[in-house]
Amino acid sequence: MKVSIEKISREKEQEVLIRCHEVNGEVLEIAKFVKATQEGIEVFYEQGMKVIPLLDIYYVEAVDNHVFVYSKRDVYEIKMRLYEFEQLYGERQFFRCSKAVIVNLLKIKSLKPALNGRFLAVLQNGENVIIARKYVSDFKVKLHGGVQNE
Amino acid sequence: MSKKDFAKKILMKFFIIVTQINVAMFILGMLYDRNKSFGYEAFIFPIIYGIMSIIPMLVTYSKRELSIRAMIIRKIFQLFLLELILISFVMINGVFETKVIIPLAISVLIIGVFVYIISWILDNNEAQRLSLKLEEYQKKFEKDVWN
């Protein structure tokens, strides 16, 4: 597949156009990837600032008045409070699993018991986050698409 | 968990335990010693037993979420504290024979471990069920993203 990039003026709308003979799995994957990387969040790190896609975030954690986002291998700081992140993105795949952590449900590989009515979410990059007892019922509601007692 | 939430949880458990002790004393008393008379001091005993029951729970409090390892250590300490309180209570009531204390200690340990095992099995089943639900959620989300 040939790849071309054309720079346009700011007046024109940015667009990704896939020209194909057949809409197959490969084409759908490319379209899905582009769509998913549309939404990003501004993050800060030692070298400066950049925007990372929301889909790259594994979990968000508040520590000592700072809020950090964790991607597969990196950690960045964001300039918003945890509750602000929850308000902005809580309706999507992000879920507040404890007082200080919001986890991306799409990045959870499996769940294990963690004593005292809690659960351990094993993430795809090998890290673990605890789903606190107080948040377990909300977690179940979220998995049921927001419908209780399913 | 905040201190306020933890205190509410402990208080609720305290009242439930005291009520259950009262009911147990009533049933056992009616079955085995129906005609016994008590003074007013008898009313304080369920409250004392209730307090003794919740003291070991206090060790599980933490402002931050504990790791599994840290929770296991606290649970072991909780069981140890429960053993200590029960054995102390027996000794305060004048019983010092090892033939009473050792079986009591062993039975509390067995019951404690059994409760943890049952709890873990139930939680494990729940975790497996939630994992399947999570997988469905993830597939549905991916399907919705680009529709």
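Preceding this section is the structure that the text describes.
Residues numbered from 1 in each chain as written. Chains lettered and ligands numbered in written order. Predicted model: local features only at pLDDT ≥ 70, side-chain atom pairs only at ≥ 80, totals over all residues. Heavy atoms only, no water.

1. Describing the overall build of chain B
Line of reasoning, step 1. Regarding its fold elements, chain B presents four helices and zero strands.
Line of reasoning, step 2. Written out in order from the N terminus, the α and β elements of chain B read α-α-α-α.
Line of reasoning, step 3. In terms of overall size, chain B is more extended than a compact globule, its C-alpha atoms giving a radius of gyration of 22 Å where 147 residues would be expected to give roughly 15 Å.
Line of reasoning, step 4. Each principal axis of the C-alpha distribution contributes one length, and for chain B these read about 75 × 30 × 30 Å.
Line of reasoning, step 5. Looking at the 147 residues of chain B, the share that counts as buried comes to 27%.
Line of reasoning, step 6. For chain B, contacts bridging at least 24 residues in sequence account for 65% of all contacts bridging at least 6. (Helix = DSSP H or I, 4+ residues; strand = E, 2+ residues; numbered from the N terminus. Rg over C-alpha atoms; globule rule 2.2 N^0.38 Å. Buried < 20%, exposed > 50% of the residue type's maximum accessible area, 1.4 Å probe, protein only. Contact = heavy atoms within 4.5 Å.)

2. Comments concerning the pattern of salt bridges
Line of reasoning, step 1. In this structure the tally under the stated criterion is eight salt bridges over all chains.
Line of reasoning, step 2. Note that K134(A) is salt-bridged to D5(B), the shortest N-O span being 3.7 Å. Residue K134(A) is found in helix α3 (residues 133-143), and its partner D5(B) is found in helix α1 (residues 3-32); the two belong to separate chains.
Line of reasoning, step 3. Classification of K134(A) by relative accessible area gives exposed; the value is 57%.
Line of reasoning, step 4. Judged by relative accessible area, D5(B) falls into the partly exposed class, the value being 27%.
Line of reasoning, step 5. A salt bridge links R129(B) to E126(B); the nearest nitrogen and oxygen atoms lie 3.4 Å apart. (Salt bridge = Lys/Arg side-chain N within 4 Å of Asp/Glu carboxyl O.)

3. A few points about the packing of aromatic side chains
All names here are of chain B.
Line of reasoning, step 1. According to the stated counting rule, one finds twelve aromatic pairs over all chains in the structure shown.
Line of reasoning, step 2. Taking 6.2 Å as the distance between ring centres and 25° as the angle between the ring planes, the aromatic pair formed by F45 and Y49 counts as stacked. Within this pair, F45 and its partner Y49 are both found in helix α2 (residues 45-54), separated by four residues, close to a single helical turn.
Line of reasoning, step 3. Measuring from centroid to centroid gives 5.5 Å for Y49 and F89, while their planes differ by 90°, and the two rings are edge-to-face. In this pair, Y49 is assigned in helix α2 and F89 in helix α3 (residues 68-92), connecting sequence segments 40 residues apart.
Line of reasoning, step 4. Classification of F89 as partly exposed rests on a relative accessible area of 26%. (Phe/Tyr/Trp six-rings, centres within 6.5 Å; stacked < 30°, edge-to-face > 60°.)

4. Structural notes on the interface of chain A and chain B
Line of reasoning, step 1. Opposite the 31 residues of chain A that make contact, chain B presents 27 residues.
Line of reasoning, step 2. For the pairing of chain A and chain B, the buried interface totals around 2,900 Å² over both sides, and the portion due to carbon and sulfur atoms is 64%.
Line of reasoning, step 3. By the criterion of area lost to chain B, the three top residues of chain A are P113(A), L115(A) and L143(A), representing 21% of everything that side buries.
Line of reasoning, step 4. Run the count over chain A and chain B and you get three salt bridges.
Line of reasoning, step 5. E126(B) serves as the salt-bridge partner of K140(A), at 2.6 Å between the closest nitrogen and oxygen.
Line of reasoning, step 6. The interface formed by chain A and chain B includes eight residue pairs in polar contact (both at pLDDT 80 or more).
Line of reasoning, step 7. Residue assignment for the side of chain A that touches chain B shows that the elements contributing at least two residues are α1 (25-36), β8 (108-113), β9 (119-123) and α3 of chain A.
Line of reasoning, step 8. Top element by residues in the side of chain A that touches chain B is α3(A). It accounts for six residues.
Line of reasoning, step 9. Considering only residue class, the side of chain A that touches chain B consists of 14 nonpolar, six polar and eleven charged. (Buried area = accessible area lost by both parts, 1.4 Å probe. Polar contact = N/O pair within 3.5 Å; in protein donor to acceptor, adjacent residues only side chain to side chain. Nonpolar A, V, L, I, M, F, W, Y, C, P; charged D, E, K, R; others polar.)

5. Looking at the nonpolar core
Line of reasoning, step 1. Of all hydrophobic cores here, the largest spans 26 residues; its most connected members are V103(A), L105(A), L111(A) and I131(A).
Line of reasoning, step 2. When contributions to this core are tallied by element, the ones reaching two or more residues are β6 (94-98), β7 (101-104), β8, β9, β10 (128-131) and α3 of chain A together with α4 (98-145) of chain B.
Line of reasoning, step 3. The leading source of residues in this core is α4(B), at five residues.
Line of reasoning, step 4. The residues touching I131(A), leaving out its near neighbours within four places in the chain, are F95(A), C97(A), L111(A), R118(A), F119(A), A121(A), V136(A) and F139(A).
Line of reasoning, step 5. Listed in part, the 16 residues of the second largest apolar core include I52(A), I78(A), M80(A) and I102(A). (Core = buried A, V, L, I, M, F, W, Y, C linked by side-chain atoms within 4.5 Å.)

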